[in-house]
Amino acid sequence: MSIFTTLKLAFRALWRNKVRSVLTMLGIIFGIGTVIAMISAGQGARQAVADVFSSMGTNLLIVTNGSSQSGGARGGAGTQMALTWADLEALQNGEVPTARYVAPVLTTKVQIAAEGQNWNTSVTGTTPEYFKIKNWDAKEGTLFDDDAAAAGPKVAVIGTTIVTQLFAGTNPIGQAITISGQPFEVVGVLASKGQSAMGQDQDDVVIIPLKAYRSKLDSGVGKYITRGQIYVSVKTEDDISRGEQQIAALLRQNHKLNATDDDDFRIRNLAELALNRKASTDKVTTLLAIVAMMSLVVGGIGVMNIMLVSVIERTREIGIRMAVGAKPIDVMTQFIVEALVLAIVGGILGLGFGAGLAKFMAGYYGWNFTFPASTAAIAFAVAGGVGVVFGFYPAMRASQLDPIQALRYET
Amino acid sequence: MLVDMRGIERTYIMGDNEVRALRGVDLQIEKGASLAIMGTSGSGKSTMMNIMGCLDQPTKGQYFLNGKDVSRLSRAQLADVRGRMIGFVFQSFNLLSRTTALENVEMPLMYQGVPGRQRHKRAMEALERVGLHNREHHHPNQLSGGQQQRVAIARALVCNAPIIMADEPTGNLDTKTSHEVMAILQGLGDQGITVILVTHESDIAAHARRVITLRDGLIVDDKTQEPVRAGDGGAATGARPQEGSAA
């Protein structure tokens, strides 16, 4: 029998029991719907976590000074004078092969002022690579480039919080702000990044070229980088731990540490934190997907149940079909296709339902609504699989009926 | 020889009992023959029909249908033989309910992979042969008993099977309608189709040229007679609508 004829028969048989078919389909609709929603929501949540961490920097390693120690009293992180400008240069010159971008980040909290308003904020002196590490673009104006950083003009790029606080939302480009009594020209406004994973306002910043920072704000102590860090962005996620080892080796060599000495610096690994967060999000997503799968299985059992009832009800019909020449495989195909149609039509409706649910959840939790074609393909395949798996047993029962018994069957 | 049965035995196991429904039957039927199988209930005539119609297989013995041994075929092979060689007409019509007359007649062709348009054409022709070409879109419950049985005959005809097996074809019909149905079956016999009637009524068996009688699983009588003619087998429609569509 042609597949078209078989399909026609299946649709007709299901249409005859509309209510029953729709109710059976509901199980599949909810099953597929929840699976789809969970996959989509999982991707959204994962993306949201990834976005937070990528706003802090991609594959980022932060090198800081270690703790100072004098007479048993330890000064805390970053108090030791260990990192040197030579270390920075070595990193910038590519002595760590896995490093893609390297930027010094010197930060101090100061009072800044403009147009009669003042504000206490953190001012960062750095190089343009910093913007690359943090995936940061200018919303208005421009960022300063390598040449500017080298020449050290008194320019500043500010975050949106500063615009709100000092300029009350008016265009700050070309305006002057006073940082520690020194006038700087605002050349750019950074795109908003919102809160960091630690809850800090990432837009409450003023960023100036390193050279200007060192000459006007903090000249440091000789060859040492004080009150500063070095940001290193490694090439790929896989390079993170290798990069960490390479940096440590380089710094230990530069600082002439013996094998038994402790590190006089610290390397913080934000990427690892991000990966952990991602992993825990994945775990929750997997758990939800398993629960959703269960409801899909329940839906599939519903299909099997109704197909079994249908086979019994239609025993006589099966007998008639066999008497006129239907082979066992024909009967089997007919019932499997009916189960398949139930499951796939349910799957398509479930896809719509799941997409709606995912969209609602994305809106509610503020994720991006993602719905890749692969998800639809998976739903389709899963629905089809459910139809075949749960339709198989009833179909086999139908095909194994004895035509003589079936013809005698009284409904 | 169209049907050649040799030493056919059929034993059913029912619980601890063995029921020997057929106990060694030899029967030859020529192509185009008109045959009635008679017997009381329990005589083995239903078993005989089931085996002859390839719905069942003998426990012992050989059955050659059109020269081919069909006594040891698989279920699928048997189904194929049924579809090509045998058209069934049942006492309770056994039409699919909520399915039009035309679709009922088309159904056997589906299983032979006949394409849709040709199916339609052949089914219409078959309905025409039983005088129902203007009822093709009626459902069984919109047809009288006689009309339903004629749809069933059209379904049996549609594959051009050489044998039509009619199991008590008039059992659910009144006298007048019975007459019409018998006339159609006789008409088919005249066209060269081998019509095998299975019945316990002698006045139905009287329509066949050859009558065999079964008792306790054996053929006890095999006689040839001049058949009673049921009429011209015209296209008269059943007068009285009847309930009783099957399936």
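A. Representation of the overall build of chain A within the structure. Tallying secondary structure elements over chain A gives 13 helices and twelve strands in all. Looking at the 411 residues of chain A, the share that counts as buried comes to 43%. Within chain A, contacts between residues separated by at least 24 positions form 81% of all contacts whose residues are at least 6 apart in sequence.

B. Representation of the overall build of chain B within the structure. Per the secondary structure count, chain B includes seven helices and ten strands. Computed over its C-alpha atoms, the radius of gyration of chain B comes to 18 Å, within 12% of the 18 Å expected for a compact globule of 247 residues. If one aligns the C-alpha atoms of chain B with their principal axes, the spans along those axes are about 50 × 40 × 35 Å. Residues classed as buried in chain B amount to 52% of the 247 residues present. Put simply, 71% of the contacts in chain B that link residues at least 6 apart link residues at least 24 apart.

C. Structural context of helix α11 (residues 328–365) of chain A. End to end, α11 of chain A covers 53 Å across 38 residues, agreeing with the expected 56 Å (1.5 Å per residue, within 8%). Gly366 of chain A occupies a position one or two residues after α11 of chain A and carries a positive phi of about 75 degrees.

D. How the structure looks around the sheet that holds strand β3 (residues 34–38) of chain B. All names here are of chain B. Strand order in the open sheet made by the six strands is β6-β7-β8-β3-β9-β10, with mixed pairing throughout. In this open sheet, the two strands that pair with only one neighbour each are β6 (86–89) and β10 (218–224). With direction set aside, neighbouring strand axes in the sheet form an average angle of 20 degrees. Judged from the four bridges that link them, β3 and strand β9 (residues 210–215) form a sheet pairing that is parallel. Within the sheet, the bridge partner assigned to Met38 lies in β9 and is Thr213. Strand contacts of helix α6 (residues 175–190): β3, β7 (163–167) and β8 (194–199), with the helix running at about 145 degrees to β8, the strand carrying the most contacts.

E. Region of the structure containing the environment of Gln229 of chain A. All names here are of chain A. Summarising the element assignment, Gln229 is placed in strand β11 (residues 228–234). Among the residues examined, Gln229 registers 21 C-beta atoms within 10 Å and is labelled buried. Between the C-alpha atom of Gln229 and that of Val105, which follows or precedes it by 124 residues, the distance is 5.1 Å. Setting aside chain neighbours within four positions, we find Gln229 in contact with Ile62, Val63, Thr64 and Val105.

F. The packing of helix α3 (residues 101–110) of chain B against helix α5 (residues 145–157) of chain B, seen in detail. Residues and elements named next belong to chain B. Closest axis-to-axis distance for the α3/α5 pair is 7 Å, and the angle between their directions is 30 degrees. The orientation of α3 with respect to α5, classified from their angle, is roughly parallel. The interaxial crossing formed by α3 with α5 has right-handed handedness. On the side of α3, the interface is formed by Ala101, Asn104, Val105, Met107 and Pro108, while α5 contributes Val151, Ala154 and Arg155. Of the residues in the contact of α3 with α5, the class split is six nonpolar, one polar and one charged.

G. Structural view of the pairing of β10 of chain B. All names here are of chain B. Inspection of the sheet shows β9 paired to β10 by six bridges, in the antiparallel sense. Bridging across to β10, Val211 finds its partner in Lys223. Adjacent in sequence and paired antiparallel, β9 and β10 are bridged by two residues, among which Asp216 carries a positive phi angle near 50 degrees.

H. Up close: the sheet that holds strand β4 (residues 60–65) of chain B. Residues and elements named next belong to chain B. Across the sheet, four strands lie side by side as β2-β1-β4-β5; this open sheet has antiparallel pairing. With one partner strand each, in any of the chains shown, β2 (17–29) and β5 (68–69) form the two edges of the open sheet. Where strand β1 (residues 3–14) meets β4, five bridges bridge the pair, whose relative direction is antiparallel. In the strand pairing of β4, Glu9 is matched with Lys60.

I. Focus on the pairing of strand β9 (residues 182–190) of chain A. Residues and elements named next belong to chain A. Bridge count for strand β6 (residues 138–141) against β9 is three bridges, and the pairing is antiparallel. Paired with Glu140 across the strands is Val189, a residue of β9. The pairing of strand β7 (residues 155–158) with β9 spans four bridges and is classified as parallel. Bridge pairing in β9 places Val157 opposite Gly188. Examined bridge by bridge, strand β8 (residues 176–179) and β9 share four bridges and lie antiparallel to one another. Residue Ile177 lies in a different strand from β9, and its bridge partner there is Phe184. The turn joining β8 and β9, which pair antiparallel and follow one another in sequence, is formed by two residues; a positive phi near 50 degrees is taken by Ser180.

J. The arrangement of the interface of chain B and chain A in detail. Taken together, the contact between chain B and chain A spans 22 residues of the former and 19 residues of the latter. Only α2 (75–85) and α3 of chain B provide two or more residues apiece to the side of chain B that touches chain A. Looking at the side of chain B that touches chain A element by element, the count peaks at six residues for α2 of chain B. A breakdown of the residues in the side of chain B that touches chain A according to their chemical character gives eleven nonpolar, five polar and six charged.

K. Looking closely at unusual backbone geometry. In the Ramachandran plot, Ser180 of chain A falls in the positive-phi region, its phi being about 50 degrees despite a non-glycine side chain. Residues other than glycine seldom take positive phi values, yet Asn160 of chain B does so here, at roughly 60 degrees. On the secondary structure map, Asn160 of chain B appears in the loop between α5 and β7. Here Asn160 of chain B falls in the exposed class, since 11 other C-beta atoms lie within 10 Å of it.

L. Looking closely at the confidence of the model for chain A. Per-residue pLDDT for chain A has a mean of 86; in total, 97% of the residues score no lower than 70. Put simply, strand β2 (residues 69–70) of chain A is where chain A has its lowest mean pLDDT, 68, and helix α10 (residues 315–323) of chain A is where it has its highest, 96.

M. Structural detail: the environment of Lys283 of chain A. Residues and elements named next belong to chain A. Within the secondary structure layout, Lys283 lies in helix α9 (residues 270–313). Taking the C-beta count within 10 Å as the criterion, Lys283 has 10 such neighbours and is therefore assigned exposed. Along the sequence, Lys283 and Gly42 sit 241 residues apart, while their C-alpha atoms lie 9.5 Å from each other.

N. Examining the confidence of the model for chain B more closely. Residue and element names in this part refer to chain B. Averaged over all residues, the pLDDT of chain B is 90; the fraction at 70 or higher stands at 94%. Per-residue pLDDT stays below 50 along residues 233–247; that stretch engages in 41 contacts with residues further than four places along the chain or on separate chains. Both confidence scores are given for the complex: pTM 0.72, ipTM 0.91.

O. Up close: the environment of Tyr393 of chain A. Residue and element names in this part refer to chain A. Locating Tyr393 in the fold gives a position in helix α12 (residues 373–399). Given 15 C-beta atoms within a 10 Å radius, Tyr393 is considered partly exposed. A sequence separation of 89 residues divides Tyr393 from Met304, and the C-alpha atoms of the two residues are 7.6 Å apart.

The rules behind these values
- Residues numbered from 1 in each chain as written.
- Chains lettered and ligands numbered in written order.
- Predicted model: local features only at pLDDT ≥ 70, side-chain atom pairs only at ≥ 80, totals over all residues.
- Helix = DSSP H or I, 4+ residues; strand = E, 2+ residues; numbered from the N terminus.
- Buried ≥ 20, exposed ≤ 12 C-beta atoms within 10 Å, placed from the backbone.
- Contact = placed C-beta atoms within 7 Å.
- Rg over C-alpha atoms; globule rule 2.2 N^0.38 Å.
- Expected span 1.5 Å × (residues − 1).
- Pairing = 2+ DSSP bridges.
- Axes fitted to C-alpha atoms, helices over the stretch in contact; angles between N-to-C directions.
- Parallel < 35°, antiparallel > 145°, perpendicular 65-115°, else oblique.
- Left-handed = near helix turned anticlockwise from the far one by under 90°.
- Nonpolar A, V, L, I, M, F, W, Y, C, P; charged D, E, K, R; others polar.
- pLDDT = per-residue confidence, 0-100.

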